[in-house]
Structures are given as structure tokens and as C-alpha cells.
Amino acid sequence: MPINLKEERDPELVKQIVEVGGEDLLKCYQCGTCIADCPTGIADEPLSVKRLIHIAKLGLAEVLIEDESPWMCVTCTGCEERCPRDARPFEIVLAIRRWQCLEDETYIPQTLTEIYERGHTQNVVNPMREELDLPEIKTVATREDLLEKFRQLLRETRVVKEHGYMFGIMEG
Amino acid sequence: MKVGLFLGCNMPALRPDNEKAIRVSLESLGVEVVDLEGAACCPAYGTFWSADEEAALAVGAWNYSIAEKMGVDMVVQCGSCYSTLKMSRHKLINGKLQEINEKFLSKVGAKYEGKSDTKHITDFLYNTIGVDKIKSSLKYSMKGLKAVVQVPCHTIRPSKILGFDDPENPQVLKELTRALGAEVPTFTRDKQCCGGAGGYARNNRRAALEFLKLKLDSMKEEVDPDCIVVSCITCLMWMDEAQEEMRKLGMIDYSIPVFDYNQLLAICQGHDPQKVARIAATPRDEVIVKILENKI
Ligand code: SF4
Ligand code: SF4
């Protein structure tokens with residue numbers, strides 16, 4: 001998608017992304033090293049941190065909110081390692097995801113609710129354990145009292161506080 | 001020596017045989033493996049890190065507080081768990097610790113002082129246990145087998161924050177594999193990421209498969225290995241299962257078995273392959289048979 005410069009600009013956009021962890025964004029000098037070795041280079045629409053930074057600097061919030069490419073990141077951190085300006089492109093990918101979650105809650109990953117429910121992204125108690133002579137799982141998955149404590153901790157976090165209903169928490 | 005085994009989510013959920021391999025192979029090396037009572041998801045980058053960094057640090061600190069209370073460091077195989085746990089610790093001990101303790105942990109009677117640390121299992125095996133001790137625990141050998149290694153990205157980068165190996169030319173997993181008797185050749189795409197982590201395969205499966213194919217084709221054409229050795233649950237499941245998917249799609253016509261390092265170690269130590277290497281989409285029997293023919 002070409003960048004349309006006639007689009008409305010939001011001068012606050014860069015600041016908002018810096019606030020959620022993209023503080024090194026301003027160091028970027030658009031060299032493109034972060035794209036060179038990115039595994040998503042052969043994707044239908046590759047994830048380009050360079051481009052995302054450019055969009056953010058232009059204040060094109062409408063474009064950025066529609067862009068799902070940050071969620072394709074493999075988290076390989078090749079870009080983070082090799083950026084010559086130490087702009088921390090991987091941190092910027094995460095920061096843009098956070099900004100998107102703040103702007104549009106449908107971006108909040110479903111797995112958060114799984115973790116709240118059972119402490120893990122999925123059911124970790126595999127029935128094969130017995131056959132393999134594995135000891136009982138001792139994580140929060142099997143420790144109801146500790147799971148409740150863990151949930152209590154999560155209820156103190158912003159994302160759970162602000163979106164309680166997603167986690168099955170009733171108001172009041 | 002005592003270590004806390006950090007299980008994460010994928011390994012116990014989907015590959016308990018890999019968990020078994022880790023437990024028994026460490027025990028054969030004289031390591032006491034303890035379970036971290038009340039541990040939870042690391043949390044993965046695609047979860048709290050992507051929505052609320054403070055929440056991610058709170059969960060990371062929760063996990064550390066358990067290990068610290070038990071007086072152990074954590075040992076972990078999953079690359080993603082390793083990376084996020086090291087990232088949490090880095091951010092905590094460089095400024096966030098007090099705040100996270102006050103805002104979150106203190107509310108549930110927990111505390112993390114920044115003492116307990118995390119080690120990737122290959123770091124632990126190579127630098128703490130050592131190759132000599134590993135060699136002397138073996139009953140069978142991989143002699144005559146050619147193995148390529150998949151070094152998990154999450155264990156070498158970002159090197160300012162984590163890692164224990166040369167980030168551009170990692171050698172630890174290769175040396176560990178050589179210690180089992182295997183030949184470990186290099187090839188053009190030796191250092192390429194497998195592409196299995198994060199949202200790539202979910203968001204653009206065709207591309208993620210083609211990306212992996214680049215690497216598999218390169219190793220097949222240049223060195224034709226007997227197996228791939230990984231040390232990350234995501235590399236293991238992705239490289240194993242995506243191959244099967246690609247064979248069905250007609251994208252590849254070959255088959256390269258994939259093992260977690262500790263599975264091979266456990267087999268070479270004489271543990272039952274039916275318990276330590278049971279689950280695989282790409283058949284591994286030939287490699288196992290060859291190892292069991294090589295009694296030391
Ligand atoms: S490598 Fe760094 S400086 Fe270069 S474009 Fe990417 S983020 Fe910007
Ligand atoms: S961390 Fe993400 S954006 Fe950076 S190179 Fe890897 S996949 Fe690409």
C-alpha cells in the first residue's frame with residue numbers, strides 16, 4: 001500500500017508510540033537494515049519496521065491502526081541485533097502492537113485471557129504424562145490457590161483492569 | 001547441583017516426551033531437577049508484551065520470585081521462554097524492580113530481589129556441566145551420523161541482553177552435538193531462522209513454509225544430513241510438523257528427522273526412546289536404530 005501524504009496527520013502519534021516503549025524510534029535514519037534479513041521478507045506484505053517508523057513519524061495514525069504486519073513478527077530479533085543506530089526495531093514492533101491494543105481493543109491477543117484462566121496459553125496437563133512416568137505438573141495449572149494469587153496479580157495490571165469483561169471479571 | 005526446570009506452555013502441552021528427555025538426561029548427569037511450584041507462562045512476546053509491558057514484567061517477576069524462594073536458577077529449553085525471562089530480568093534489574101514489586105508482587109505476598117537468573121539448557125549443558133561429563137554419561141554414540149543444528153534465535157539475540165554464544169557464529173549447540181559423536185557440517189543457510197515463532201505461520205502460512213523450505217533445501221542439497229538437532233520447542237515442532245505439511249502439499253519430497261538435543265542425549269545415555277522421543281510427524285526411527293547399533 002503506498003503512503004498517502006494527503007491523509008490526516010496526528011502530531012501526537014510518535015509521542016504515543018514512544019510512551020509505550022518505542023523510545024529509540026527517533027534514532028532511526030531509514031537505512032533499511034532491519035528489512036534486509038527479516039524472515040517476513042517473502043511474505044505477501046512483508047513486515048518493514050523501517051516503513052512503520054516512517055508512517056509513525058508522518059503521524060499517519062489511520063494507516064498505522066490498519067496495519068497488521070507487526071503481528072507477523074517472528075520475534076527473531078535479527079533487526080534488533082543489526083540496526084546500526086540502535087533504534088531497537090524489535091522493541092518498536094512491540095510498541096506499535098501496544099499502541100494498536102490501546103487504540104483498538106480487538107487487537108488485544110486472545111491468549112491473554114487463556115493465561116488469566118489457567119496460567120498458560122493452553123492446557124499443559126497432557127494425559128500422556130502418566131505413560132511417560134512424568135511427575136505431576138506443579139505450575140499454577142494444578143495449584144488452585146496459587147492460580148488465584150496469580151489472577152489477583154493480573155487484576156492489578158492495566159490491561160486486565162481496563163478490559164475486565166474480556167477476562168470474565170464483573171464490575172464492582 | 002540443583003536447578004528449577006521452567007516448563008513453559010508448549011512443551012508440557014504438546015511434547016511431554018521432550019520434557020521427559022530433559023528430566024532424565026539431566027538426572028543422568030547428576031543434576032537435581034526441581035519443579036517450580038506455581039510457575040506460569042513466561043509470558044511469551046505475543047501475549048502480555050504485546051499489550052502491556054508492565055503486566056509482562058509482573059508475570060516475569062512472578063516466575064522469578066518462585067525460583068528465588070526455592071533458591072535455584074531456572075533452566076529452560078523453549079527459546080521464547082528463555083528470551084522473555086532474560087528480557088524481564090534485564091528490564092527489572094535495570095530500573096523496574098522496585099516498582100513492579102510494589103505495584104504487583106507485594107499485593108500477593110511475593111517478592112523478587114533480582115537474584116535468581118535463567119539459563120538456556122544448552123548454556124547449562126555446555127558451560128556448567130561440560131562436554132567431558134556429557135561424554136562420560138553416554139552408552140551409545142551418534143558416530144557415523146551427520147547432524148545439522150538449528151540454533152534458536154532467541155538464545156543468541158539481542159546479544160546485549162541475553163545469550164552465551166557468538167551471536168553471528170554460534171558454536172555451543174554444534175559442540176554439544178559433536179560430543180554425542182555426530183559429524184556437524186555447515187551449509188549456506190546454517191544460521192537462518194526457522195520462521196516458526198511469533199505470528200508468521202499464522203498470518204502468512206505460505207510464506208512461512210517457503211521460508212523454512214529455503215533452509216531445508218539448502219541443507220538437503222549441500223550436506224544431506226541424517227537429522228536436524230534443535231534446542232527449542234518451537235524450532236522442534238515447526239521444523240518437524242511443517243515438513244509433513246510441505247510433503248502433503250508437494251513442496252518437498254524428502255524427509256529430515258528433527259530431534260531436540262536432550263532427546264538425542266537421553267537416547268545416547270540409554271533411556272527408552274519410546275519415552276524420550278515418542279512424538280514426531282517426520283519419522284525418526286532410522287536415526288534411533290542407528291544410534292542403538294553404536295554401543296560404546
Ligand atoms: S535498521 Fe535501524 S536505523 Fe535502519 S531503518 Fe531499521 S530501525 Fe531504522
Ligand atoms: S524481530 Fe521481527 S521484525 Fe525484526 S527481523 Fe525478526 S521477524 Fe523481522
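Above this text sits the structure in question.
Quick notes on the rules
Residues numbered from 1 in each chain as written. Chains lettered and ligands numbered in written order. Predicted model: local features only at pLDDT ≥ 70, side-chain atom pairs only at ≥ 80, totals over all residues. Heavy atoms only, no water. Helix = DSSP H or I, 4+ residues; strand = E, 2+ residues; numbered from the N terminus. Rg over C-alpha atoms; globule rule 2.2 N^0.38 Å. Buried < 20%, exposed > 50% of the residue type's maximum accessible area, 1.4 Å probe, protein only. Contact = heavy atoms within 4.5 Å. Areas by Shrake-Rupley, 256 points an atom, 1.4 Å probe, with all protein chains shown as cover. Lys, Arg positive; Asp, Glu negative; His and termini not counted. Charge placed at Lys NZ, Arg CZ, Asp CG, Glu CD.

Participant: I'd like a description of the overall build of chain A, backed by residues and values.
Facilitator: Scanning chain A from N- to C-terminus turns up nine helices and zero strands. Ordering the α and β elements of chain A from the N terminus gives α-α-α-α-α-α-α-α-α. Relative to a compact globule of 172 residues, whose C-alpha radius of gyration would be 16 Å, chain A shows 20 Å and is clearly more extended. Along the first, second and third principal axes, the C-alpha atoms of chain A reach 60 × 45 × 25 Å. Classification of the 172 residues of chain A by burial places 52% in the buried group. A separation of at least 24 residues holds for 65% of the contacts in chain A among residues at least 6 apart in sequence. Here chain A displays about 8500 Å² of accessible surface, and carbon together with sulfur accounts for 50% of that area. Across chain A, 21 positive and 33 negative side-chain charges occur, with their mean positions spaced 5 Å apart.

Participant: Pulling in residues and values, what's your account of unusual backbone geometry?
Facilitator: Omega for the bond connecting B:Cys42 with B:Pro43 falls within 30 degrees of zero, at 0 degrees, which places this linkage in the cis form. Looking at the secondary structure, you find B:Pro43 in the loop between β2 (32–35) and α3 (53–70). In this structure, A:Gln30 is a non-glycine residue whose phi angle is positive, near 60 degrees. Here A:Gln30 is to be found in the loop between α1 (13–19) and α2 (33–36). Taking the relative accessible area as the measure of exposure, A:Gln30 reaches 27% and is therefore partly exposed. A positive phi is found at A:Thr77, a non-glycine position, where the angle reads about 60 degrees.

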